Amino acid sequence: MQTRLTDLIKDTPEGEEADAILRSCVHCGFCLATCPTYQLLGNELDSPRGRIYLIKQLLEGQEVTEKTQLHLDRCLTCRACETTCPSGVRYGHLLDIGRGMVEQQIPRTTYATFKRYALRKLLPNRALSSFFMGAARLGRPFLPAHLKRSIQLKPSTNRTPSGKVHTRAMLILDGCVQPALTPNTNHATTRVLDRLGIAVITAEQAGCCGALAYHLNAQEEGLNAMRRNIDAWWPFVTRHENPVEAIIVTASGCGVTVKDYGHLLQHDPVYAEKAARISSLTRDISEIIAAETAALVPLLQAADISATSSSPRNLAFHAPCTLQHGMKLRGKIEPILQAAGFNLVQVADPHLCCGSAGTYSILQPELSRQLRDNKITALTKENPELVVTANIGCQMHLQGGTSLPVRHWIELLDETLTG
């Protein structure tokens, strides 16, 4: 793709990156077949190729309108197009650049601005999330059915790790809404890793991974959240005795962002090197468990799986886009669940997004619901007893559309090992 970027952007780091990405696109259109919004709307401008043309026009100084903003807003950033693209176009990074520039040029309505501001300030705040979730649990009997399904009763967390002292240690990201919505996910992770001889540490000062603000086009706000996490983790990474081996993330939506810290902060003279180190240490929990297979298999063999035979054994696994397209981690979780005695049913079109996509379900509710309903149809076609996933956002979004329980897969592994 030939480009003629304006002088205002051409020689900037963002301009050079955008120019390289644009030139790698060969207009083949393979991305159209895997783009969820194009499949629903049939509009070329709601496809990766169409949005690339819009961003190209923006960078070349052509007129930018609310229509441009609308088509960029409709993108889920699922990055299925990146998995499909034969040319390796880094569409997600190009979209971030384009959205950031459009946000500076096209003002939003007062209501839209307030809505996005409220999402940025409320959701990452753990204290507020816990308060509102507590209130929602108290009022759960009076909520509509779809909200009632999403508001889970807070599980007991009395089952603590063994208390053994381990020579191996890893950090874990608590995140922002996950401790309030599904606290057992990280508790289960801690127990499983304890059995594998790994201590799990939480850095109290770490918070939101920064994805929420960054993808709402408050990019500097998102970068500041990333810098705070780096500062919180750095003492554990660099300590002389027993430095942490990895930073574990149990929400793939956060994991794909933390793994990208090195890229997002590459031009920051203070944080660039630290960010690259943090990204290199970051692992989705599936990567950790897969790497510990040699130690896990004997534990599963020793566990009395028959004792939990009354629990659901036929599962439908939903692979979040951030796991399979963002982090390129496909086929890691399924063998672990099968080794734990679960049967995985076939799911059609597993590459398509469920419609959660961070705050997308709030900002684009109609498209999001259509995608969710399509995904639930695919997940439940073979009559599974349970749906499992690897991301808190997908979990809550899917649970709002089905009466089948939707859980994080690590909880099932924990229960199997516990017997």
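Predicted, not measured: the structure shown is a model, and the values here were computed from it.

What counts, and where the lines are drawn
Residues numbered from 1 in each chain as written. Predicted model: local features only at pLDDT ≥ 70, side-chain atom pairs only at ≥ 80, totals over all residues. Heavy atoms only, no water. Helix = DSSP H or I, 4+ residues; strand = E, 2+ residues; numbered from the N terminus. Buried < 20%, exposed > 50% of the residue type's maximum accessible area, 1.4 Å probe, protein only. Contact = heavy atoms within 4.5 Å. Areas by Shrake-Rupley, 256 points an atom, 1.4 Å probe, with all protein chains shown as cover. Salt bridge = Lys/Arg side-chain N within 4 Å of Asp/Glu carboxyl O. Pairing = 2+ DSSP bridges. pLDDT = per-residue confidence, 0-100.

Draft legend 1. Layout of the overall build of the protein. Scanning the protein for helices and strands turns up 25 helices and 8 strands. Expressed as a percentage of the 419 residues in the protein, the buried residues total 52%. Across the protein, every contact between residues at least 6 apart in sequence was considered, and the portion connecting residues at least 24 apart equals 75%. Summed over all atoms, the accessible surface of the protein reaches about 18800 Å², with 54% contributed by carbon and sulfur.

Draft legend 2. Representation of the environment of leucine 58 in the model. Among the structural elements, leucine 58 can be located in helix H4 (residues 48-59). On the accessibility criterion, leucine 58 (5% relative accessible area) is buried. Between the alpha carbons of leucine 58 and valine 102 there is a distance of 7.9 Å; along the sequence they are 44 residues apart. Once residues within four sequence positions are removed from consideration, leucine 58 is found in contact with Val64, Gly98, Met101, Val102 and Gln105.

Draft legend 3. Just the pattern of salt bridges, in detail. A full pass over the atoms with the stated rule returns 22 salt bridges. Here glutamate 292 and arginine 168 are joined by a salt bridge, their closest N and O atoms 2.9 Å apart. Within this pair, whereas glutamate 292 is found in the loop between helix H18 (285-291) and helix H19 (293-302), its partner arginine 168 is found in strand S1 (residues 168-172), the two being separated by 124 residues in sequence. Look at glutamate 292 and you get buried, because its relative accessible area is 13%.

Draft legend 4. Spotlight on the sheet that holds strand S5 (residues 314-317). If you walk across this open sheet you meet the 4 strands as S6-S5-S7-S8, and the pairing is parallel. On the outer flanks of this sheet lie strand S6 (343-344) and strand S8 (406-408), each paired with one strand and no other. Note that S5 and S6 share 2 bridges and pair parallel. Counterpart to asparagine 314 in the pairing with S6 is asparagine 343.

Draft legend 5. The confidence of the model for the protein, seen in detail. Per-residue pLDDT for the protein averages 90, and the proportion of residues at 70 or more is 89%. Between the elements of the protein, mean pLDDT differs from a low of 60, seen in helix H10 (residues 145-150), to a high of 98, seen in strand S4 (residues 282-284).

Draft legend 6. Region of the structure containing the environment of glutamine 39. On the secondary structure map, glutamine 39 appears in helix H3 (residues 36-41). Judged by its relative accessible area of 47%, glutamine 39 is partly exposed. Spatially, the C-alpha atoms of glutamine 39 and leucine 371 are 10.0 Å apart, while their sequence positions differ by 332 residues. In contact with glutamine 39, not counting residues within four places along its chain, are Leu32, Ala33 and Thr34.

Draft legend 7. Looking closely at the pairing of S1. The element S1 is largely enclosed, with a buried count of 4 among its 5 residues. Here S1 pairs with strand S2 (residues 198-202) via 5 bridges, running parallel. Bridge pairing in S2 links isoleucine 172 to threonine 202. Relative to strand S3 (residues 247-249), S1 runs parallel, the two sharing 2 bridges. Residue leucine 171 lies in a different strand from S3, and its bridge partner there is isoleucine 247.

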